[in-house]
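Examination of the molecular architecture
What follows is the residue order along each chain.
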Amino acid sequence: MAMSGGTEDGEPMMDMNMTPLIDVLLVLLIMFIITIPIQTHAVKVDLPQNDPNAVQQPIEPDKNKISIDAAGVVSWNGAPVDDITLRQYLDQTKQLDPEPELHFQPDAVARYETVDRVLAVIKRSGVTKLGFIGNEQYRNDF
């Protein structure tokens, strides 16, 4: 037996079928949502500008490098320094928290006297994080 929505058998249903109408409306709603341009909200941020005339801080917060070349020139992060300036830089690194690592790299042909003098400055400063780098250049000497 079939069911009929009418009062008598054979009469057409008087209620409108809403399913296709809802399907079409949902498709239209999705299409409108997709085609709406994305609104971007710009936030003005005043970023600091680099001043080319400003002196850059010679001390890095994570690691610093002391190197000695073949001529005996002592360099702090690539810039030549004397013993007094080196000691000032080392004292400033001791004040940082956490203390940055100090990498020491003498050249293989640098005079021992120069290397010893720089190591004495480092020891007197009280640096606790000291590492020797470039030791592989001495591998074939022994």
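Residues numbered from 1 in each chain as written. Predicted model: local features only at pLDDT ≥ 70, side-chain atom pairs only at ≥ 80, totals over all residues. Heavy atoms only, no water.

**Overview of the sheet that holds strand S5 (residues 130-132)**
Heads up, the condition is: Criterion used throughout: strands pair if DSSP finds at least two bridges between them. Numbering of helices and strands runs from the N terminus; a helix is a DSSP stretch of H or I covering at least four residues, while a strand is a stretch of E covering at least two. Only heavy atoms enter the contact rule, under which two residues are in contact if any of them lie within 4.5 Å. Only the stretch in contact is used when a helix axis is fitted, and all axes are lines through C-alpha atoms; the angle between N-to-C directions ranges over 0 to 180 degrees.
The five strands lie next to each other as S3-S2-S1-S4-S5, forming an open sheet whose pairing is mixed. The sheet terminates laterally at strand S3 (79-80) and S5, the two strands that pair on one side only. In terms of strand pairing, strand S2 (residues 74-76) meets S3 through two bridges, oriented antiparallel. Note that in S3 the partner of serine 75 across the bridge is proline 80. Sitting on the sheet, helix H3 (residues 112-125) is in contact with strand S1 (63-68), S2, strand S4 (101-106) and S5, with an inclination near 170 degrees to S4.

**Considering the packing of aromatic side chains**
For the record, the criterion: When two rings of Phe, Tyr or Trp (its six-membered ring) have centres within 6.5 Å they constitute a pair, described as stacked for plane angles under 30 degrees, edge-to-face for angles over 60, and tilted for the intermediate range. Summary of the burial criterion: residues with accessible area below 20% of their type's maximum are buried, those above 50% are exposed, and those between are partly exposed, where the area comes from a 1.4 Å probe applied to protein chains only.
What the rule picks out here adds up to two aromatic pairs. Ring plane angle 45 degrees and centroid distance 5.3 Å describe the contact between tryptophan 76 and tyrosine 89, whose orientation is recorded as tilted. One end of the pair, tryptophan 76, is in strand S2; the other, tyrosine 89, is in helix H2 (residues 83-95), with 13 residues separating them in the sequence. Overall, tryptophan 76 belongs to the buried group, its relative accessible area being 2%.

**Quick look at the environment of proline 80**
With respect to the element layout, proline 80 can be found in strand S3. Exposure remark for proline 80: the relative accessible area of 62% places this residue in the exposed category. Taking the C-alpha atoms as reference, proline 80 lies 9.2 Å from serine 67; in sequence the two are 13 residues apart. Beyond its immediate stretch of four places on either side in the chain, proline 80 contacts Val73, Val74 and Ser75.

**Digging into the nonpolar core**
For clarity, the cut-off: Side-chain atoms within 4.5 Å are what join buried Ala, Val, Leu, Ile, Met, Phe, Trp, Tyr and Cys residues into a set we call a nonpolar core.
Counting residues in hydrophobic clusters, the biggest one holds 17 residues, and the most contacted among them are Ile66, Trp76, Leu86, Leu90, Val118 and Ile122. Within the residue set of this core, elements represented by two or more residues are S1, S2, H2, S4 and H3. The greatest single-element share of this core, amounting to four residues, is contributed by H3. Excluding residues that lie within four positions of it along the chain, isoleucine 122 makes contacts with Ile66, Leu90, Leu102, Phe104, Val127 and Leu130.

**Some thoughts on the pattern of salt bridges**
Defined as follows: Just to be clear on terms, a salt bridge is a Lys or Arg side-chain nitrogen sitting within 4 Å of an Asp or Glu carboxyl oxygen.
By the definition in use, this model includes five salt bridges. For the salt bridge of arginine 87 with aspartate 91, the shortest nitrogen-to-oxygen distance reads 3.1 Å. Within this pair, arginine 87 and its partner aspartate 91 are both found in helix H2, separated by four residues, close to a single helical turn.

**A closer look at unusual backbone geometry**
For the peptide bond that leads from aspartate 97 to proline 98, omega is 0 degrees, which places it in the cis range. For proline 98, the location among the structural elements is in the loop between H2 and S4. Phi is positive for asparagine 77, which is not a glycine, with a value near 50 degrees. Among the secondary structure elements, asparagine 77 is positioned in the loop between S2 and S3.

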